[in-house]
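# What the coordinates show
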Amino acid sequence: MTDLDNEYDDLDGHTIDELSDYLDRGRTPLDPSIEGSAGCRIALNSLERLRQISKSLVEVDAAAEAPRNDDWLGGILESIGREARAGRDIPLLPPSPRATLSVTEGAVRGLIRAAGDRAGGLIIGRCRLDGDVTVPGTPITVSIDASVFWGERIGETVDRAREAIYSALLKHTELTIASIDITVHDVYFAQVSDDQPDEPGDGSVSNEGDVL
């Protein structure tokens, strides 16, 4: 068991390694303790998307004969484990005065990761909600670390992800989003071409801006 698993117990006693093995088995036999855990389901969804992306990257790396350091994958797995925790309760407008509704911060982080991944062209790393999400109307800044695929226009890719994330938050939450700040930390091969460099790029590019 890793320090990460010890620190974050919102996987209801399970670990990221266990969830990974569970996916290897095709989620069979069905484990009610995993499927019935909100934190586990968030982590499983993120792990499945990460596997699809990383499989493509490994195939391309092999074709390009450009071996990659696996530290990037470990960093994303660490982020998934951290984000699976419930965190703060974010209030939602109740259907009646006698009801109380909320969504967990972990669920919102999972929503952000899913929207960013589906926008295409990048991999979401760490995700953070800055601001008091427990008080309705408080301006919230979404801070995201990401890596983009080689051949993608960084500005366009980040803008596309920002729009997808903002639309998802607007649809599924009642947060007041002040800005969605995305920092690109690395570039990975997404396709093989004659003019590709021998190694992925490094360095960071910050793309910050209001969503309005």
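For the structure, see preceding data.
This is a predicted model, so every value here is computed, not measured.

### Quick notes on the pattern of salt bridges
- Following the criterion strictly, the structure yields 8 salt bridges and no others.
- Of the charged contacts, one joins E48 and R27 as a salt bridge, the two residues approaching to 3.4 Å between their closest N and O atoms. Of this pair, E48 sits in helix 4 (residues 38-64) while R27 sits in the loop between helix 2 (16-24) and helix 3 (32-35), and the two are 21 residues apart along the sequence.
- Assessed through its relative accessible area of 30%, E48 is described here as partly exposed.
- Through salt bridges that share partners, R27, E35 and E48 make up one connected network.

### Observations concerning the pairing of strand 5 (residues 176-188)
- Where strand 4 (residues 139-149) and strand 5 come together, 11 bridges link them in parallel fashion. Looking across to strand 5, one finds that V142 is bridged to I180.
- For the segment spanning strand 4, helix 7 (residues 154-172) and strand 5, crossover handedness is right-handed.

### Quick notes on the pairing of strand 4
- Taken across its 11 residues, strand 4 has 9 buried, putting it largely inside the fold.
- Across 7 bridges, strand 3 (residues 122-130) lies against strand 4 in antiparallel orientation. Looking across to strand 4, one finds that L129 is bridged to V142.

Conventions we followed
Residues numbered from 1 in each chain as written. Predicted model: local features only at pLDDT ≥ 70, side-chain atom pairs only at ≥ 80, totals over all residues. Heavy atoms only, no water. Salt bridge = Lys/Arg side-chain N within 4 Å of Asp/Glu carboxyl O. Helix = DSSP H or I, 4+ residues; strand = E, 2+ residues; numbered from the N terminus. Buried < 20%, exposed > 50% of the residue type's maximum accessible area, 1.4 Å probe, protein only. Pairing = 2+ DSSP bridges. Right-handed = clockwise from strand over helix to strand, strands pointing away.

Any link to function would need more than the numbers given here.
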